[in-house]
Amino acid sequence: VLNVPQGSPDWLRARAICNTASEAPAMMGASPYTSRTESLRRKATGITPDVDDATQARFDNGHEAEASARLIFEARLGEDLFPITVTTDDGKLLASLDGVTMDGATIFEHKRINEALRQQIAAGELGPEYYWQLEQELHCAEAERVNFVASDGTEDDCIWMEYRAVPGRIDDLLRGWEQFDRDLANWTDEPEVIKATGRTMQTLPA
């Protein structure tokens, strides 16, 4: 367990030198937001896209919903949930947990609710854009289960499912990170080449 508050400069430095659970879907080529190539570029250069006001507002709303949902779920569990940051013993993999019970057995992970999540939770089957993160959280924390919660921060729109490690997935994830580290060691920045194209003008302005 790292004694660093989430969001602090020390937390950001720890994330910069470790392979994080939130990066796992992109590393496995399953993120709808970031490609594996872009993830390599960010890790190699330390440069991340600027966050505009609209994106920051979404982040802030997500954090507020997470804090509210944590209280809701604490009442359901009858236990307190503690946001912590954990790493594997070798310090290579890191997971920032939205919450974990005192005994360390149960992780709380929150996402802002959307229609795709409603369908996946109703079916009891999460897609790889989510489960790779959860597999790494379970591995780093040595926990038994994740209570995966999707909500808008209110009890009226708060759904959840239990996720447990699927045999074989963590092995695939660890192999994926090993290959990612090899690719990172050999990474060179190759700017996108844009080919110039032309066409014949049929008419010209006066």
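Quick note: structure is the one above.
Owing to the predicted nature of the structure, the values given are computational and were not obtained by experimental measurement.

**Description of the sheet that holds strand E5 (residues 106-112)**
And step 1. With mixed pairing, the four strands of this open sheet are ordered in space as E4-E5-E6-E7. Two strands close off the open sheet at either side, each with one partner strand: strand E4 (99-100) and strand E7 (158-163).
And step 2. Contacts between helix H5 (residues 115-123) and the sheet are confined to E5, strand E6 (145-151) and E7, with E7 contributing the most and set at about 50° to the helix.
And step 3. Strands in contact with helix H6 (residues 128-141) are E5, E6 and E7; relative to E5, the strand with the most contacts, it is inclined by about 155°.

**Overview of helix H3 (residues 36-45)**
And step 1. For H3, the set of buried residues is Ser39, Leu40 and Lys43. All buried residues of H3 lie within an arc of 100° about the axis, which places them on one face of the element.
And step 2. In this structure, the buried residues of H3 make contact with helix H1 (9-17), strand E1 (19-20), helix H2 (24-27) and helix H7 (169-185).
And step 3. Positive phi shows up at Gly46, right after H3, with a value of about 75°.

**A few points about the sheet that holds E1**
And step 1. Strand order across the open sheet formed by three strands is E1-E3-E2, with mixed pairing between neighbours. The open sheet terminates on both sides in strands that have one partner only, identified here as E1 and strand E2 (84-87).
And step 2. The pairing of E1 with strand E3 (residues 93-97) spans two bridges and is classified as parallel. Opposite Thr20, over in E3, you have Leu94 as the bridge partner.
And step 3. Where H6 meets the sheet, its contacts fall on E1, E2 and E3, and the angle it forms with E3 comes to roughly 100°.

**Concerning the layout of surface pockets**
And step 1. In this model, the second largest pocket occupies a volume close to 250 Å³.
And step 2. For the lining of the second largest pocket, the secondary-structure elements that each account for two or more residues are E2 and H6.
And step 3. A per-class count over the lining of the second largest pocket returns eight nonpolar, five polar and three charged.

**What about the nonpolar core?**
And step 1. Ile107, Leu126, Val146, Phe148, Tyr163 and Trp177 are the most contacted members of the largest nonpolar core, which has 30 residues in total.
And step 2. Secondary-structure elements contributing two or more residues to this core are H2, E3, H5, H6, E6, E7 and H7.
And step 3. With six residues, the top contributor of residues to this core is H6.
And step 4. Sequence-distant contacts of Leu126, that is, excluding residues within four places in its chain, are made with Leu117, Gln120, Ile121, Tyr131, Leu134, Phe148, Met161 and Tyr163.
And step 5. Counting seven residues, the second largest nonpolar core, distinct from the first, contains Ile72, Phe73, Phe108 and Cys158.

**With respect to the environment of Leu94**
And step 1. Within the secondary structure layout, Leu94 lies in strand E3.
And step 2. A relative accessible area of 0% places Leu94 in the buried class.
And step 3. A C-alpha to C-alpha distance of 9.7 Å links Leu94 and Val1, two positions 93 residues apart in sequence.
And step 4. Apart from the residues within four sequence positions on either side, Leu94 is in contact with Leu2, Ala14, Arg15, Cys18, Asn19, Thr20, Ala21, Thr85, Val86, Thr87, Gln136 and Cys140.

**Topic: the side chain of Thr34**
And step 1. The topology assignment puts Thr34 in the loop between H2 and H3.
And step 2. Setting aside residues up to four positions removed in sequence, Thr34 forms contacts with Ala26, Ser39 and Arg42.

**Describing the state of the cysteines**
And step 1. With the rule as written, the count across this model stands at zero disulfides.
And step 2. The closest cysteine sulfur to the non-disulfide-bonded Cys18 is located on Cys140, 8.7 Å from its own sulfur.
And step 3. Among the residues examined, Cys18 registers a relative accessible area of 5% and is labelled buried.

**A word on the packing of H6 against H7**
And step 1. Where H6 contacts H7, the two axes come as close as 10 Å, and the packing angle between them is 95°. Viewed along their axes, H6 and H7 adopt a mutual orientation that is roughly perpendicular. Taking contact as the criterion, the partners of Tyr131, Trp132, Glu135, Gln136 and His139 in H6 are, on H7, Arg169, Ile170, Asp172, Leu173, Leu174 and Trp177.
And step 2. In terms of residue class, the contact of H6 with H7 is made up of six nonpolar, two polar and three charged.

Cut-offs applied
- Residues numbered from 1 in each chain as written.
- Predicted model: local features only at pLDDT ≥ 70, side-chain atom pairs only at ≥ 80, totals over all residues.
- Heavy atoms only, no water.
- Pairing = 2+ DSSP bridges.
- Helix = DSSP H or I, 4+ residues; strand = E, 2+ residues; numbered from the N terminus.
- Contact = heavy atoms within 4.5 Å.
- Axes fitted to C-alpha atoms, helices over the stretch in contact; angles between N-to-C directions.
- Buried < 20%, exposed > 50% of the residue type's maximum accessible area, 1.4 Å probe, protein only.
- Arc of directions from axis to C-beta.
- 1 Å grid on protein atoms, 1.4 Å probe; cavity = no way out; pocket = protein on both sides within 12 Å on 5 of 7 lines; lining within 4 Å.
- Points joined across faces, edges and corners; volume = space filled by probe spheres on them.
- Nonpolar A, V, L, I, M, F, W, Y, C, P; charged D, E, K, R; others polar.
- Core = buried A, V, L, I, M, F, W, Y, C linked by side-chain atoms within 4.5 Å.
- Disulfide = S-S within 2.5 Å.
- Parallel < 35°, antiparallel > 145°, perpendicular 65-115°, else oblique.

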